[in-house]
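Topology and contacts: notes
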2 protein chains.
Amino acid sequence: MQLAFGQFDNRELNKVMPIPKDTKIGVGSFIIQENFTVAIQDTSNKRIYNATTRFIRRLSNETGVFLNHGFPLTITENKPSLHISYDRIGELKLFEDESYNLEVTNQSIKLHAVTDIGVLRGLETLYQLLNFETNHFYIPSIKIIDAPRFPWRGLMIDVARHFQPVDVLKRNLDAMSAVKLNVFHWHLTDDQGFRVESKTHPKLHELGSDGQYYTQQQIKEVISYAGDKGIRVIPEFDVPGHATAILTAYPEIASKNESYTIERNAGIFDPTLDPTNEKTYEVLSDLFEEMTQLFPDEYVHIGGDENEGKHWSENDDIKEFMNKKGFSSNHELQTHFNIRLQEILKKYGKKMIGWEEIMSPEIDKSAIIHSWKGVNEGLPAGESLIKATEMGYKTILSNGYYIDLMLPVEEHYAVDPVPYDNVLTKEQEDMILGGEATMWSELVTPLTIDSRIWPRTAAIAERFWSPKEVSDVENMKMRLHNVSLELEKLGTMHLRNREVILRNITKTEDITAISELTKVCEPLKLYSRNKGGTEYQTYSPFTLFADACTTDAKDAKEFEKLVDELINQPENKKIRIRLNQYLHKWNLLSSSLEGFDNPIINEIKPISENLSQISSILSMSLKNNNLSTNQEETLKEYIERAKKPVADVELVVIVSFERLMIHLKNYSKVAHK
Amino acid sequence: MQLAFGQFDNRELNKVMPIPKDTKIGVGSFIIQENFTVAIQDTSNKRIYNATTRFIRRLSNETGVFLNHGFPLTITENKPSLHISYDRIGELKLFEDESYNLEVTNQSIKLHAVTDIGVLRGLETLYQLLNFETNHFYIPSIKIIDAPRFPWRGLMIDVARHFQPVDVLKRNLDAMSAVKLNVFHWHLTDDQGFRVESKTHPKLHELGSDGQYYTQQQIKEVISYAGDKGIRVIPEFDVPGHATAILTAYPEIASKNESYTIERNAGIFDPTLDPTNEKTYEVLSDLFEEMTQLFPDEYVHIGGDENEGKHWSENDDIKEFMNKKGFSSNHELQTHFNIRLQEILKKYGKKMIGWEEIMSPEIDKSAIIHSWKGVNEGLPAGESLIKATEMGYKTILSNGYYIDLMLPVEEHYAVDPVPYDNVLTKEQEDMILGGEATMWSELVTPLTIDSRIWPRTAAIAERFWSPKEVSDVENMKMRLHNVSLELEKLGTMHLRNREVILRNITKTEDITAISELTKVCEPLKLYSRNKGGTEYQTYSPFTLFADACTTDAKDAKEFEKLVDELINQPENKKIRIRLNQYLHKWNLLSSSLEGFDNPIINEIKPISENLSQISSILSMSLKNNNLSTNQEETLKEYIERAKKPVADVELVVIVSFERLMIHLKNYSKVAHK
């Protein structure tokens, strides 16, 4: 049968994300047995050889089947189980063909693509189709014709605020490829660090990184690793603002004559390159000459965001320069700087991409505008995106995909790179290349970064790849849960590292109770966790309760649904029982945690105490179908108290408690009339 | 107070391993607060700067204290909390001074050492002393004078049978340094792979590694990383046997004229270099010239083990060569080969170390003999070790430290590098340099290797560092449990990856029941898991139940103790209650697992069914203080069935079940008389 959009609740697609463009499920299935073989047309194509070897290994690990053949064979073999072919070797560039056709029957599997990169995409889909019965694993009979909706599907990782070693990047690249993302945007420099070895200007990494930088060999290693997975690597050198680390090495190109040290806080800072100083362009030209040789992609990201130009306005020479040039705003001066930068990049054969602030009519239209403002400024999402297309720029969207803000997955999933109800022409729409999830790292370390990226980024990846009509949130969440378990097998730490943090909190192996608490708590959202950017320094501990919590707290979400259901069916016993099971569990939590006694866990105890007290009253009230005025008053007091953040988390289930309280109040009146 | 040996049950030493040479615990403690600072004499010594920065970060992560200073200061600072000094920079070589003195008072902490390497050792002890009360973390008042018992304290990792990427090595180096190991023995080549990039002979890694090798840059990176932690790196190139991967690249230097392919099974194989072929020495001379430049340590391990010389005996030319030289055994021919090798190494300024088979009077006494045979050959432990000292060789011990054999930690802990009841002279004893735990990787992958190395290797490290008299097994186990939790904070995966495997087995996030089962099961021991070396290929799945199980299964060990106690105090109610709690838990396990239904978990169900059935009868019998003949017969049948390995694990609690059954039988007779 062919699936209509919205019909993705078929069991066979329960692990598939992003959903393919066109899917027909047939009858029967291909059963995975020891004699499973994979044949490729050319074992000298390392990308395909490695990808198929990985596929074979994953298949065996997932199924426990001891395969006879651990490596791909050539296509001359008789009747391989999986036959892989492609027309040509793909290039790692914008607009490269990533489409593929996949056909699974009871007898064999055929995967064909225009490019070998398309083969990689198809292999991931095939792996996601793997399913099981009691006695065997199988892949369902299916026909898939697939291609991405957008050509630019990225994840940005900020390695400046907290350095992320190569192995963190590699495991995230593995996960990216599993959900068909194709751009790794590497935010390499910021106020808190310059993270690339520069051989021409070694002071940059020597003085600007606390020794935490990538050697050029490591950069090459990451690029090669990404390429092996069909992922482009776009480096970002953020200038002229966000430049404290650069100025720590080269104070002579600053806009203010002072000495600089690496920034330890988070926020927007004043240190800015001097766009009127020729030395600035000499350094940048040298640097880009070196870096453009290191990074093969056609595009280089120059940042350009959040420069308030305070030091420009304070500098008489710069003001004079502006007068001479007739610039009436710092933005014009920055545009001047950007034009110079664009020329430098052009000299080295590169195109520019920059955050939306670089947009200005004078900038050559080869530049890509990276739209990011909105959500936090109260602006309509994608305003700059639309403007960019109007002005003739290609553009990508990150506004709405700020995964560091710890928002629920459905909020990101609801954002489309092409704004809803837009009045864009077809030409304008085509200029929207896609988007990027952005993992800013002020509040994450290698221990926690995966749990901020995954699994939510898989849902964003679906938004970038799948047809617009794929938008059923409940179905997405169900699949996301399964995908999450698959991602960790590729190496992501988003699940397992939670346990490590919890053991650090209890100082024992016993994390049963504290683990329950993480299911109803979430880290503070938006920018409320690190107010003013100075509560945490880069060297502060990120091994505490807030770091073990994630968005979309499981029990809180399920309880919320149950409360909804109860309001609709107040007499439904099953719902009442399930609500009470939660309340009962939470009621006991406080005493379960009592046995632990150290400064870290003691800080959290108020949360569990509130939770237990509220649960106790609600449970009683639910049982008696009555909420007395006294109970109500007490509850209100507890709930108010529980709304206050503790240890940088919020007890998110509190909203449902409030709704349940009101319901019980109203309903008990009705019931007792 | 000064602790006498054996008195290590002081709470303040609960996380300390290895136990220092000399410890005096004082009164009071140093409390960790925000103003904690560390001062070092010279911030330009990167090893110390990095180590102290790591220390500060770990201190903050462990305590949750937001320190004001995230980096070390110089010693000119006023009254630092921790004052670090050393007399000179240490060298990474055998016999380097690693001693240190540590003094903690209520007011300050002082760490002094002869070398900066000694400082590293002292910092680890200091970190292990960190403890807590309800409201604060502290370090107890203490005076420690410490130095290692043996200068060679190693861990060997075999990266040939299963390749272990750089990040696996790095996290294990971190853990090694935490327990004061100082030699990383890198088993780089074997029949299953040649894992180093060779620029002079690229065919070695190109044809001999399936693309899984370290680039020379990565080798340098690992050596530098190890050096930063005061760890020497000894490379091993195993010749003339264990050489299939080399011969895959260079069949022309084989002893048998045939083509070779990388070995996929485990075991001892025939492919052997031809020691009568000058080309062999040309290749090896080139290779060692290249590799000795890459690896700075004075020693190079040349393997030399398990060469049966079958292809030598089959080759007429080789036999003729032996006749000419007057060699009457293959061993003499191998000695000829080793002498040539030793000369080559000498030319490049290196000394030779080799497995005990290299021992022969003709070998220059600068060589170190690596003793390994014993346990599995039924030989007395350390036989070759003693012989080596008699013959005038320095020697190290690995027999007894084969951690891949999945033996209980106390077995390794009981083995001393200096054999008990020996008749060694003082000079001979001094020639015993220490030992190495050996992590052979036939049955481990990056996912599981940590759980085979840790925590047991920490106990072996204590054997190598601490005074011989430190030997209380129960106290060691208590500390080991705590150390295990500390090691994972450095990055080891031995605890968290178990969960990943269990989720792969249940195919859900729910691993509560299956996790219980891992606490009574252990992987098959010695060489019984992979009989004949052909059950598993290098590409077989290692993501199954046996891979989630480890030695020293927690509940089985505790149940064993309880049964002991019951036998001593048959009427003790508390013991009976605790036994019954276990039996009750296990009785329910089978039905808890029923809900899971896939081929992997279905294979394990017989284990839980046996466990539940046996527990049910024992529980009833324990309650009634009676074991009927029928019950006994049934039990015996179940126990016999449960003794058979399933899915490559043994239900280790079965031994205690049998003892409990016999006790109940005998005791019920007594009680009912």
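By the naming in an unreviewed UniProt entry, chain A goes by Beta-N-acetylhexosaminidase and is assigned to Aquimarina aggregata. The record held by UniProt for chain A lists under Sequence similarities (unreviewed entry) the comment "Belongs to the glycosyl hydrolase 20 family."

Some details on the packing of aromatic side chains
All names here are of chain A. For the coordinates displayed, the defined rule picks out 46 aromatic pairs over all chains. Arranged with centres 4.9 Å apart and planes meeting at 65°, the rings of Trp186 and Tyr214 form a pair that is edge-to-face. On the criterion of sequence distance, the pair formed by Trp186 in strand 10 (residues 183-187) and Tyr214 in the loop between helix 4 (203-208) and helix 5 (216-228) is long-range, its members being 28 residues apart. The residues Trp186 and Tyr214 share a single accessibility class, namely buried. For the pair Phe237 and Phe288, a centre-to-centre distance of 5.7 Å together with 85° between the ring planes defines the contact as edge-to-face. With Phe237 in the loop between strand 13 (232-236) and helix 6 (244-249) and Phe288 in helix 7 (residues 278-294), this pair connects stretches of sequence that are 51 residues apart. The same class applies to Phe237 as to Phe288, namely buried. Taken together through their ring pairs, the aromatic side chains of Phe163, Phe184, Trp186, Phe194, Tyr214, Phe237, Phe288 and Phe295 make up a single cluster.

Examining the relation of the copies chain B and chain A
Of the transformation placing chain B onto chain A, the axial shift is 0.0 Å and the rotation is 180°, giving an RMSD of 0.0 Å. Between the two chains, the operation in question is that of a two-fold axis. Distance from the rotation axis, computed per C-alpha, reaches its smallest value in chain B at Arg496 of chain B: 2.7 Å.

Describing the packing of helix 20 (residues 554-568) of chain B against helix 21 (residues 573-594) of chain B
Residue and element names in this part refer to chain B. Where helix 20 meets helix 21, the axes come as close as 9 Å, and the angle between the chain directions of the two elements is 145°. Every pair of crossing elements has a handedness; the one defined by helix 20 and helix 21 is left-handed. In contact with Asp555, Glu558, Phe559, Leu562, Val563, Glu565 and Leu566 of helix 20, helix 21 contributes Ile575, Arg576, Arg578, Leu579, Tyr582, Leu583, Lys585 and Trp586. Its residues assigned to classes, the contact of helix 20 with helix 21 shows nine nonpolar, no polar and six charged.

What about the pairing of strand 5 (residues 100-104) of chain B?
Residues and elements named next belong to chain B. What you see with strand 5 is a clean split: Tyr100, Leu102 and Val104 sit on the buried side and Asn101 and Glu103 on the side with no burial. Relative to strand 6 (residues 109-115), strand 5 runs antiparallel, the two being bridged by five bridges. Bridge pairing links Tyr100 to Ala113 in strand 6. Taken together, strand 5 and the strand that follows it, strand 6, pair antiparallel across an intervening segment of four residues.

Here's the deal with the packing of helix 21 of chain B against helix 22 (residues 599-624) of chain B
Residues and elements named next belong to chain B. Contact geometry for helix 21 and helix 22: axes closest at 7 Å, N-to-C directions at 145°. As for how helix 21 packs across helix 22, the hand of that crossing is left-handed. Along its contact with helix 21, which presents Arg576, Leu579, Asn580, Leu583, Trp586, Asn587, Leu588, Leu589, Ser590, Leu593 and Glu594, the element helix 22 presents Ile601, Lys605, Ser608, Glu609, Leu611, Ser612, Ser615, Ser616, Leu618, Ser619, Leu622 and Lys623.

Examining the side chain of Asn475 of chain B
Position of Asn475 of chain B among the secondary structure elements: in helix 16 (residues 473-489). For Asn475 of chain B, the side chain forms a polar contact with the side chain of Arg479 of chain B, separated by 2.7 Å.

Considerations on the domain arrangement of chain A
Residue and element names in this part refer to chain A. Along its sequence, chain A is carved into domain 1 (22-146), domain 2 (152-400 + 418-454) and domain 3 (498-672). Domain 2 and domain 3 are separated by 40 Å when their C-alpha centres are compared. Across the boundary between the two partners, domain 2 contributes 15 residues, which contact 20 residues of domain 3. Taken over both partners, the interface formed by domain 2 and domain 3 buries close to 1300 Å², and the fraction arising from carbon and sulfur atoms is 59%. Broken down residue by residue, the surface that domain 2 buries against domain 3 is led by Arg264, Leu443 and Arg452, which jointly contribute 40%. The interface formed by domain 2 and domain 3 holds zero salt bridges in total. Taken together, the links from domain 2 to domain 3 amount to six residue pairs in polar contact (both at pLDDT 80 or more). Class assignment of the residues belonging to the side of domain 2 that touches domain 3 gives a composition of three nonpolar, seven polar and five charged.

Description of helix 10 (residues 330-347) of chain A
All names here are of chain A. In this model helix 10 runs 26 Å from its N-terminal to its C-terminal C-alpha over 18 residues, within 8% of the 26 Å that 1.5 Å per residue would give. Among all positions in helix 10, only Asn330, Leu333, Gln334, Thr335, His336, Phe337, Asn338, Leu341, Gln342, Ile344 and Leu345 are buried. Residues of helix 10 that are buried sit in contact with helix 7, strand 14 (299-301), helix 8 (310-313), helix 9 (316-325) and strand 15 (351-355). Once helix 10 ends, the next one or two residues include Gly349, with phi positive near 75°.

Examining the interface of chain B and chain A
Listed as interface residues are 56 residues of chain B and, on the opposing side, 57 residues of chain A. Considering only the surface of chain B that becomes buried against chain A, Phe66, Glu509 and Tyr539 of chain B emerge as the three largest contributors, covering 15% of it. At the junction of chain B with chain A, the criterion picks out six salt bridges. With a shortest N-O distance of 3.9 Å, Glu509 of chain B and Arg498 of chain A are connected by a salt bridge. On inspection of chain B and its partner chain A, the count reaches 20 residue pairs in polar contact (both at pLDDT 80 or more). For the side of chain B that touches chain A, the elements supplying multiple residues, two or more each, are helix 1 (46-63), helix 3 (166-178), helix 5 (216-227), helix 16, helix 17 (496-506) and helix 22 of chain B. Considering every element that reaches the side of chain B that touches chain A, the biggest residue donor is helix 17 of chain B, with seven residues. By residue class, the composition of the side of chain B that touches chain A is 18 nonpolar, 20 polar and 18 charged.

Some points on the pattern of salt bridges
Counted by the stated rule, this structure contains 95 salt bridges over all chains. Arg264 of chain A is paired through a salt bridge with Asp210 of chain A; the nearest N and O atoms lie 2.7 Å apart. Of the two residues, Arg264 of chain A sits in the loop between helix 6 and helix 7 while Asp210 of chain A sits in the loop between helix 4 and helix 5, which places them 54 residues apart along the sequence. Linking Glu474 of chain A and Lys561 of chain A is a salt bridge whose minimum nitrogen-to-oxygen distance equals 3.4 Å. Taken together, the residues Glu474 of chain A in helix 16 (residues 473-489) and Lys561 of chain A in helix 20 (residues 554-568) connect sequence positions 87 residues apart. By relative accessible area, Glu474 of chain A is classed as partly exposed at 44%. Here the salt bridges do not stand alone but share partners, grouping Lys15, Glu62, Glu486 and Lys489 of chain A together with Lys507 of chain B into one network.

So, how was this worked out
Residues numbered from 1 in each chain as written. Chains lettered and ligands numbered in written order. Predicted model: local features only at pLDDT ≥ 70, side-chain atom pairs only at ≥ 80, totals over all residues. Heavy atoms only, no water. UniProt positions renumbered as here; feature names shortened; annotations may be inferred. Phe/Tyr/Trp six-rings, centres within 6.5 Å; stacked < 30°, edge-to-face > 60°. Helix = DSSP H or I, 4+ residues; strand = E, 2+ residues; numbered from the N terminus. Buried < 20%, exposed > 50% of the residue type's maximum accessible area, 1.4 Å probe, protein only. Least-squares fit on C-alpha atoms with pLDDT ≥ 70 in both. Axes fitted to C-alpha atoms, helices over the stretch in contact; angles between N-to-C directions. Left-handed = near helix turned anticlockwise from the far one by under 90°. Contact = heavy atoms within 4.5 Å. Nonpolar A, V, L, I, M, F, W, Y, C, P; charged D, E, K, R; others polar. Pairing = 2+ DSSP bridges. Polar contact = N/O pair within 3.5 Å; in protein donor to acceptor, adjacent residues only side chain to side chain. Domains from an automatic or database assignment. Buried area = accessible area lost by both parts, 1.4 Å probe. Salt bridge = Lys/Arg side-chain N within 4 Å of Asp/Glu carboxyl O. Expected span 1.5 Å × (residues − 1).

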